[in-house]
Amino acid sequence: MPETSPTLLKRSHPLASADSQRQVLDQIVTPSFAEAVAGAGYRPLKARSIEVLQINLGKRCNQTCRHCHVDAGPDRPEVMSEEVLEACLNFLAARDIPTVDITGGAPELHPGFRVLVERARALGRQVIDRCNLTITRLPNYAYLPEFLARHHVEVVASLPAYGIKQTDLQRGGGVFSESILALQHFNELGYGVEGTGLVLNLVTNPVGAFLPGNQVSLEREWKRELKRRHGIVFNKLYTITNMPISRFLEFLETSQNLESYMERLIQAFNPQAVAGLMCRSTLSVGWDGKLYDCDFNQMLDMALPQHMLDIQLGELEERVIQTGAHCFGCTAGAGSSCGGVTTG
Ligand code: SF4
Ligand code: SF4
């Protein structure tokens, strides 16, 4: 079992509130993100389609990673209701959205997780499970790897580093060894193995206030090291920039790195990263049915006017995207999204 610590909410930390997080970000003098993307030819920044319906099933998690932008943990009560889940499935059935990306918290803790996977697959959609790996090691969830393989669900698994020290530092004591066992089991089922069609992608984000390294060379290094040390294979490595939100924002504040980190993101603004921003092709659904441009806007409570329970068809595809200073995290360097870099 991973070691956990109390969430911001449990500690009654001011940053548990999205309002406080936005205020902290507003106090830092930054150029306007909207103006920065306008300089890249996007006036205003608009969605171009909905290719991914990202469903956040809630904030419950069996881990309490230090960088978590959700402030997820075992003490979080928020979970999606059956009514909202049903509305998501109805929306999906009525629309030609190819991919369903299931996230949380640990989404597998939700009692409707299996039904969501089965019904989305029955609709012929690609399904992604954002899995923290250790969840599959808990007795009640040991069924997950076989279940996911049976339904050909793509597994996107987070692991900060291929070494124990950095991983346990960021995700909690005991996480690394359990994650390795989970990955080995996924491999035994064919995940990450060429020719099986079972996709296992890993996600890494920096352990500290700096930008990720080059995705291509890191993938090469990770493949070599995970194979050599643990016999593990996987498909792709995604590098993700830490967003100045929630528990990573707390870390930036307490380590007095906030201003320099924001400066770093702004200095690294890459106009070429704008075209592939995930908000341009994603619709994000919160546990309570509110809709957002992305999971980060969700955590900052920057909701769209529409709600999943009374959504009108056709009105979201070309919406203007709501942006803020945090968005510089998505355009720094090679760009960053739930699918890794946004350039190249
Ligand atoms: S980063 Fe993921 S695994 Fe870690 S606490 Fe947050 S939701 Fe859970
Ligand atoms: S934070 Fe969200 S809205 Fe802002 S650029 Fe990134 S994906 Fe788009």
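This text follows the structure it describes.
Because the structure is a prediction, the values reported are computed rather than measured. (Residues numbered from 1 in each chain as written. Chains lettered and ligands numbered in written order. Predicted model: local features only at pLDDT ≥ 70, side-chain atom pairs only at ≥ 80, totals over all residues. Heavy atoms only, no water.)

Considerations on unusual backbone geometry
The linkage connecting R43 with the following residue, P44, adopts the cis geometry, with an omega of -10°. Counting through the fold element by element, P44 comes out in the loop between α2 (33-39) and β1 (52-56). In this chain, G104 is followed by G105 through a cis amide linkage whose omega measures 25°. The residue G105 is located in the loop between β2 (99-103) and α4 (113-122) in this model. Its identity is not glycine, yet D71 carries a phi of approximately 55°, on the positive side. In this fold, D71 is placed in the loop between β1 and α3 (82-94). Residue classification places D71 among the buried positions, given a relative accessible area of 3%. In this structure, L133 is a non-glycine residue whose phi angle is positive, near 75°. Along the chain, L133 falls in the loop between β3 (126-131) and α5 (144-150). (Helix = DSSP H or I, 4+ residues; strand = E, 2+ residues; numbered from the N terminus. Buried < 20%, exposed > 50% of the residue type's maximum accessible area, 1.4 Å probe, protein only.)

Details of the environment of G124
For G124, the location among the structural elements is in the loop between α4 and β3. The sequence separation of G124 and L252 amounts to 128 residues, and the corresponding C-alpha distance is 42 Å.

Let's talk about the site of ligand 2
Taken together, the residues surrounding ligand 2 are M243, L277, M278, C279, C294, F296, N297, I321, Q322, H326, C327 and C330. Residue composition of the shell around ligand 2, by class: nine nonpolar, three polar and no charged. (Near = heavy atom within 4 Å. Nonpolar A, V, L, I, M, F, W, Y, C, P; charged D, E, K, R; others polar.)

Here's the deal with the site of ligand 1
Close to ligand 1 lie C61, Q63, T64, C65, C68, A72, G105, N132, R171 and R247. The residue makeup of the shell around ligand 1, split by class, is four nonpolar, four polar and two charged.

Here's the deal with helix α8 (residues 215-230)
Its 16 residues give α8 an end-to-end C-alpha distance of 21 Å, which sits within 8% of 22 Å, the value for a rise of 1.5 Å per residue. The inward-facing, buried residues of α8 contact α7 (175-188), β5 (200-204) and β6 (237-239). Its side-chain oxygen placed 3.0 Å from the backbone nitrogen of V216, N214 serves as the N-cap of α8. (Expected span 1.5 Å × (residues − 1). Contact = heavy atoms within 4.5 Å. Polar contact = N/O pair within 3.5 Å; in protein donor to acceptor, adjacent residues only side chain to side chain.)

Topic: helix α1 (residues 18-27)
By the burial criterion, the buried members of α1 are A18, S20, Q21, V24 and L25. End-on view of α1: buried residues confined to an arc of 165°, all on one side of the axis. Projecting away from the buried face of α1 at angles above 90 degrees are the exposed residues D26 and Q27. Between a side-chain oxygen at the N-terminus of α1 and the backbone nitrogen of D19 the separation is 3.3 Å; the capping residue is S17. (Arc of directions from axis to C-beta.)

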